Amino acid sequence: WFDLQPHDVRAQEFGLLRSLRWQVNVPSVESWLSMFEGRFGVLMAGEFSRSISWTREDLRQLAFTMMQWRPASNLHAPRRLAGGLFSIGLLHATLLPAETLRPQHVCHDEWEELFLQSQMMNEVPACALHPEYVQWVLGSLVAATNLPLEEIQRDCEFTMGCLRGARGDLNQMYACGAP
């Protein structure tokens, strides 16, 4: 045991930053999305890679919209937003039914309405997979994000709420004549 003073800690931090040449890459929504996509691709052995790549640009656009509305913070943690976005992407790709990502405390109708408002869609995409494959996709999502399903569901709800808020604010801004 030794006595550590604040100036000692600052000196160590400064030395570390200097050795890294001040090149510190803070994880972003984009980097988390890429990692989840890569892990998922490996776990799925490349299966459905076309479906995933098809949604990639949509996810990036949704992330951009969200970050313009609310930049990442402790409340809007990049990993949480990316996990929600990636999961929503699986709904867009028709690889999961929307119900699998619904938290237990949210009723079916509220969940569907939240999805539609956050995605600016007229209907929830129907899952195109047999139930056996749905379980495989869901298990791969859990493994790729390294989160329990309940947390993924909460992240989806949170992310869709952020998207709904962002879209509502942007629509209101444009309605008022903003460029």
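It should be noted that the structure appears before, not after, this text.
Residues numbered from 1 in each chain as written. Predicted model: local features only at pLDDT ≥ 70, side-chain atom pairs only at ≥ 80, totals over all residues. Heavy atoms only, no water.

Draft legend 1. Spotlight on the overall build of the chain. Across its full length, the chain carries seven helices and zero strands. Ordered by position in the sequence, the α and β elements of the chain form the string α-α-α-α-α-α-α. The buried share of the chain, reckoned over its 179 residues, is 37%. In the chain, of all internal contacts separated by at least 6 residues, the share reaching a separation of at least 24 is 79%. Total accessible area on the chain is roughly 10,900 Å²; 55% of this is exposed by carbon and sulfur atoms. (Helix = DSSP H or I, 4+ residues; strand = E, 2+ residues; numbered from the N terminus. Buried < 20%, exposed > 50% of the residue type's maximum accessible area, 1.4 Å probe, protein only. Contact = heavy atoms within 4.5 Å. Areas by Shrake-Rupley, 256 points an atom, 1.4 Å probe, with all protein chains shown as cover.)

Draft legend 2. Structural context of helix α4 (residues 78-92). The terminal C-alpha atoms of α4, which comprises 15 residues, lie 20 Å apart, in line with the 21 Å expected from a rise of 1.5 Å per residue. Most of α4 is tucked away, with 13 of its 15 residues classed as buried. Following α4 by one or two positions, threonine 94 has its phi on the positive side, about 60°. (Expected span 1.5 Å × (residues − 1).)

Draft legend 3. Expanded view of the environment of glutamate 99. By secondary structure assignment, the location of glutamate 99 is in the loop between α4 and α5 (108-119). Overall, glutamate 99 belongs to the partly exposed group, its relative accessible area being 33%. Separated by 13 residues in sequence, glutamate 99 and glutamate 112 have C-alpha atoms that sit 8.7 Å apart. Apart from the residues lying within four places of it in its own chain, the contact partners of glutamate 99 are His108 and Trp111. Side chain to side chain, glutamate 99 and arginine 102 meet in a polar contact 2.7 Å long. (Polar contact = N/O pair within 3.5 Å; in protein donor to acceptor, adjacent residues only side chain to side chain.)

Draft legend 4. Layout of a negative patch on the surface. A surface patch of negative charge is lined by Asp109, Glu110, Glu112 and Glu113. Among the structural elements, aspartate 109 can be located in helix α5. (Patch = residues over 30% accessible without salt bridge, like charges linked within 9 Å, V, L, I, M, F, W, Y side chains within 5 Å. Salt bridge = Lys/Arg side-chain N within 4 Å of Asp/Glu carboxyl O. Lys, Arg positive; Asp, Glu negative; His and termini not counted. Charge placed at Lys NZ, Arg CZ, Asp CG, Glu CD.)

Draft legend 5. Region of interest: the pattern of salt bridges. Overall, the coordinates contain five salt bridges when judged by the stated rule. Between arginine 102 and glutamate 99 there is a salt bridge, with the nearest N and O atoms lying 2.7 Å from each other. Taken together, the salt bridges that share partners define one network made up of Glu30, Glu37, Arg56 and Arg60.

Draft legend 6. Focus on the environment of alanine 126. Here alanine 126 lies in the loop between α5 and α6 (131-145). It is 6.0 Å that separates the C-alpha atoms of alanine 126 and threonine 94, two residues lying 32 residues apart in sequence.

Draft legend 7. Highlighting the side chain of threonine 100. The topology assignment puts threonine 100 in the loop between α4 and α5. Residue classification places threonine 100 among the buried positions, given a relative accessible area of 16%. With residues up to four places along the chain from it excluded, the contact list for threonine 100 reads Val134, Leu138, Leu149 and Gln153.

Draft legend 8. Spatial organisation of the nonpolar core. If you look at the biggest cluster of nonpolar residues, it comprises 43 residues, and the most contacted ones within it are Leu85, Phe86, Leu90, Leu96 and Val137. Every element with two or more residues in this core is listed here: α2 (29-43), α3 (49-69), α4, α5, α6 and α7 (149-175). Ignoring any residue separated from it by four or fewer positions in sequence, one finds phenylalanine 86 in contact with Leu33, Phe36, Glu37, Phe40, Ile52, Leu59 and Leu141. (Core = buried A, V, L, I, M, F, W, Y, C linked by side-chain atoms within 4.5 Å.)

Draft legend 9. Fine view of a nonpolar patch on the surface. Taken together, Leu16, Leu20, Val24 and Val26 make up a surface patch of nonpolar side chains, about 390 Å² in accessible area. We classify valine 26 as exposed; its relative accessible area is 67%.

Draft legend 10. Representation of the packing of aromatic side chains in the model. Tallying each qualifying case throughout the model produces four aromatic pairs. Here the aromatic rings of phenylalanine 40 and phenylalanine 86 are separated by 5.5 Å at their centres, their planes lie at 70°, and the arrangement is edge-to-face. Separated by 46 residues along the polypeptide, phenylalanine 40 in helix α2 and phenylalanine 86 in helix α4 bring together distant segments of the chain. Assigned by exposure class, phenylalanine 40 and phenylalanine 86 land together as buried. Ring plane angle 50° and centroid distance 6.2 Å describe the contact between tyrosine 133 and tryptophan 136, whose orientation is recorded as tilted. (Phe/Tyr/Trp six-rings, centres within 6.5 Å; stacked < 30°, edge-to-face > 60°.)

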